[in-house]
Amino acid sequence: MPCISPLKPISMKERSSLIFLEYGELDVSDGAFVLIDVNGVRVQIPVGGLACIMLEPGTRVSHAAVDLAAKAGTLLVWVGEAAVRLYSSGHPGGARSDRLLYQARLALDPSARLNVVRKMYELRFKEEIPADYSINQLRGMEGVRVRKQYEIIAQEAGIEWRGRRYDPGNWSYADLPNRCLSAATSCLYGVTEAAILAAGYSPAIGFLHTGKPLSFVYDIADIFKFDTVVPASFFTASQKPQNPEQEVRRSCRDMFRMEKTLELIIPTIQEVLDAGGLDVPKPYDDMVPPAFVD
């Protein structure tokens, strides 16, 4: 992938999804990202060609690298080992006030919020949702369908699925399918957050999920989860790899690129919010990082 100037960022849909960095220092050299390991070996990383850089334990980031990431519209996400936790994230260029206000209006209007949640479920489960269902009824419907989807995909992958069970504080106690699924889901959250921020919205203002810094990330990621990372993680688990977290991350990276997941997420965000029925802010060109939009 060629390096490009951060002064001319490419659109989010044309970027590679994400890379993981560990045991090194992320810095800037000759106007480009560079990872310097403990032996002083330098690996150059494309500027502006990535939606998200996931920083694992053992990684340090210079002020210059954070500045370049903001200018290039690349999201920096600090994650736990094997990406099983998301600790914090940067902000690639800033959000648009009109879009934040629009998102907040939708979330605070009971009717609009219900319309948004119904659209999320229609896209996720590919069926029409009864108009008289409340959000609590939709949550009950979700539980049944999610459990069934897990069972079907596990059966197709040829693995034993005992349910979604894991403890982030005792990672080694989780079974192989759950370890793979947690690592894969973290990848999806990173890409989804990058898309939400690039589109000018807030990851925190959710509609089904509420009260968490990544509520809207969870809302949007759930739409794609069972078509992307769940099959990828269960298939990886069926292979019983020596390093399952690493293998499932590679699988997700390749799948996001092949399926053009980033290209799908941003218009899906707009489709979901448009269902609220309120006036929509006018679009800006091709979803380049908001910091570069006049």
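Residues numbered from 1 in each chain as written. Predicted model: local features only at pLDDT ≥ 70, side-chain atom pairs only at ≥ 80, totals over all residues. Heavy atoms only, no water.

Trainee: How should the environment of Ser215 be read in this particular structure?
Mentor: Positionally, Ser215 belongs in helix H6 (residues 215-225). In this structure Ser215 comes out as buried when scored by relative accessible area, which is 1%. Sequence spacing of Ser215 and Pro203 is twelve residues, and the spatial spacing of their C-alpha atoms is 6.2 Å. When residues no more than four places from it in sequence are discounted, the contact partners of Ser215 are Pro203, Ala204, Gly206, His209 and Thr210. (Helix = DSSP H or I, 4+ residues; strand = E, 2+ residues; numbered from the N terminus. Buried < 20%, exposed > 50% of the residue type's maximum accessible area, 1.4 Å probe, protein only. Contact = heavy atoms within 4.5 Å.)

Trainee: Looking at this structure, I do not really get the sheet that holds strand S4 (residues 42-45). What am I missing?
Mentor: Pairing between sheet strands relies on hydrogen bonds along the backbone, with the strands arranged either parallel or antiparallel. On the basis of which strands lie adjacent, the open sheet formed by four strands has the order S4-S3-S2-S6 and mixed pairing. At either margin of the open sheet sits one strand with a lone partner, and together these are S4 and strand S6 (59-61). When the angles between neighbouring strand axes are averaged without regard to direction, this sheet yields 30 degrees. Two strands pair when backbone bridges link them, and strand S2 (residues 24-29) and strand S3 (residues 32-37) are joined in this way by six bridges, in the antiparallel orientation. Counterpart to Leu26 in the pairing with S3 is Leu35. Across the sheet, helix H1 (residues 63-72) is in contact with S2, S3 and S6; its angle to S2 comes to roughly 65 degrees. (Pairing = 2+ DSSP bridges. Axes fitted to C-alpha atoms, helices over the stretch in contact; angles between N-to-C directions.)

Trainee: Which parts of the structure should I look at to understand the environment of Asp27?
Mentor: Within the secondary structure, Asp27 is located in strand S2. Once the C-alpha coordinates of Asp27 and Leu68 are considered, the two residues, 41 residues apart in sequence, prove to be 9.3 Å apart. What Asp27 contacts, discounting residues up to four positions off in sequence, is Ala32, Phe33, Val34, Ile36, Ser62, Ala64 and Ala65. Among the polar contacts made by the side chain of Asp27, one reaches the side chain of Ser62 at a distance of 2.8 Å. (Polar contact = N/O pair within 3.5 Å; in protein donor to acceptor, adjacent residues only side chain to side chain.)

Trainee: Explanation requested: the state of the cysteines in the structure shown.
Mentor: When the sulfur atoms of two cysteines share a covalent bond, that bond is a disulfide. This structure, assessed with the given rule, holds zero disulfides. Cys252 supplies the cysteine sulfur nearest to Cys187, a cysteine that is in no disulfide, at a spacing of 4.7 Å. Among the residues examined, Cys252 registers a relative accessible area of 0% and is labelled buried. (Disulfide = S-S within 2.5 Å.)

Trainee: Would you mind going over the packing of helix H5 (residues 176-198) against helix H7 (residues 229-238) with me for this structure?
Mentor: Two quantities define a packed helix pair, namely the angle between the axes and the distance from one axis to the other. Here H5 crosses H7 at 145 degrees, and the two axes come no closer than 8 Å. For the pair H5 and H7, the sense of crossing is right-handed. Across the interface between the two elements, Leu176, Pro177, Cys180, Leu181, Ala184, Thr185 and Leu188 from H5 touch Val229, Val230, Ser233, Phe234, Thr236 and Ala237 from H7. Classifying every residue of the contact of H5 with H7 gives ten nonpolar, three polar and no charged. (Left-handed = near helix turned anticlockwise from the far one by under 90°. Nonpolar A, V, L, I, M, F, W, Y, C, P; charged D, E, K, R; others polar.)

Trainee: Help me out: how do you make sense of H1 in this one?
Mentor: Every α-helix carries 3.6 residues per turn, so stepping three or four residues along brings you back to the same face. Residues of H1 that are buried include every one of Ala65, Leu68, Ala69 and Ala72, and no others. Axial view of H1: buried residues confined to an arc of 105 degrees, hence all on one face. For H1, the elements touching its buried residues are S2, S3, S6 and strand S7 (75-79). Of the residues flanking the end of H1, it is Gly73, one or two places downstream, whose phi is positive at about 75 degrees. (Arc of directions from axis to C-beta.)

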